[in-house]
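# Chains, contacts and geometry: an overview
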Amino acid sequence: NYQSVFANPSFLRGMGLSLLVASGAVAVSLLLGSFAAYALGRFRFRFKGAILYIVLAVSMFPQIAVLSGLFILIRQFNLYNNPLGLIFTYLIFTIPFTVWVLTSFVREIPAELEEAAQVDGATPLQTLFLVLFPVMMPALVTTGLLAFINAWNEYLFALTFTSSNRTVPVVIANFSGASQFELPWGNIMAASILVTIPLIVLVLIFQRNIVSGLTSGAVKG
C-alpha cells in the first residue's frame, strides 16, 4: 500500500501543494494577526470589544455559508485552480483564530518592556520586532502550528476552488480502485498515515514552545 501511494504522482504533488498553501496561509496570518493582536491588546480605542467579538464570530462562521461568495471572487480575480486562491481563502479562518489567540498573549506582556525600549530610543516598529516578537515566540509557534493544522486538513475550499492543482486531502478522497465499485481502503489508510507524519514531526520539534505558549498567562503575578 505504501509503495502504491508513493508511486502515485498526484499524491506527492498534493503533499507539496498542501505544504505550500498551509505555510503561506500561516505566514500571512501570523504577520497580519500579530499586528492586529498588538493593537487590540495594547491600545484603548472605541469599539475594541465589538471588534474582538466580530473576530470571534467570523472564526465560528461555517465555511459552507461563504462558499458561493468566495467562488465568485475567486473567478473574478482569476485565482481558480491557483494556490494563491487557496491561500487567500484560508485566511478567513486562520487570521481570526490568530488574532483572537495572540491578543490574550499580548495583554500578558509587561508594559515595562516597551517603556524600556522607548527610553533606549527604539521606534514602535523596532519595539515590536526586536522586543515583543521574541517574547511572543512561544505564542506565535503555538498559534502558527494550530493554524497550520487547520489549513493542512482543509477539504471543502480545496475541493471547490481547484480542478487539478489539488491539496492532499482532496487527492486522498479521490483515490480509485481497480473498478468503479471498489475503494482502495489500504491505499487510503497508508496515505492518511503519511499525511499525519509532518504534523507529528512539527509537534515534536516545537513541543517546548507549544507547552510554554499554552501555559503562558495561565497564572497572574
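In short, a report on the structure. (Residues numbered from 1 in each chain as written. Predicted model: local features only at pLDDT ≥ 70, side-chain atom pairs only at ≥ 80, totals over all residues. Heavy atoms only, no water.)

## Some thoughts on the nonpolar core
Membership of the largest hydrophobic core comes to 35 residues, with the highest contact counts inside it found for Phe 11, Tyr 90 and Trp 152. Of all the elements in the fold, those that place two or more residues in this core are helix 2 (9-42), helix 4 (63-76), helix 5 (83-108), helix 8 (137-153), helix 9 (156-160), helix 10 (168-173) and helix 11 (185-205). Considering every element that reaches this core, the biggest residue donor is helix 2, with seven residues. When sequence neighbours within four positions are dropped, the list of residues in contact with Trp 152 reads Met 15, Ser 18, Leu 19, Ala 22, Val 168, Pro 169, Val 195, Pro 198 and Leu 199. Membership of the second largest hydrophobic core comes to 13 residues, among which are Tyr 38, Leu 102, Phe 105 and Met 136. (Core = buried A, V, L, I, M, F, W, Y, C linked by side-chain atoms within 4.5 Å. Buried < 20%, exposed > 50% of the residue type's maximum accessible area, 1.4 Å probe, protein only. Helix = DSSP H or I, 4+ residues; strand = E, 2+ residues; numbered from the N terminus. Contact = heavy atoms within 4.5 Å.)

## Quick notes on the packing of aromatic side chains
Considering all chains together, one arrives at eight aromatic pairs under this definition. Centre to centre, the rings of Phe 35 and Phe 129 are 6.0 Å apart; their planes meet at 70°, and the pair counts as edge-to-face. Residue Phe 35 is located in helix 2, and its partner Phe 129 is located in helix 7 (residues 124-135); the two are separated by 94 residues in the primary sequence. Taken together, the aromatic side chains of Phe 71, Tyr 80, Phe 157 and Phe 161 make up a single cluster linked through ring pairs. (Phe/Tyr/Trp six-rings, centres within 6.5 Å; stacked < 30°, edge-to-face > 60°.)

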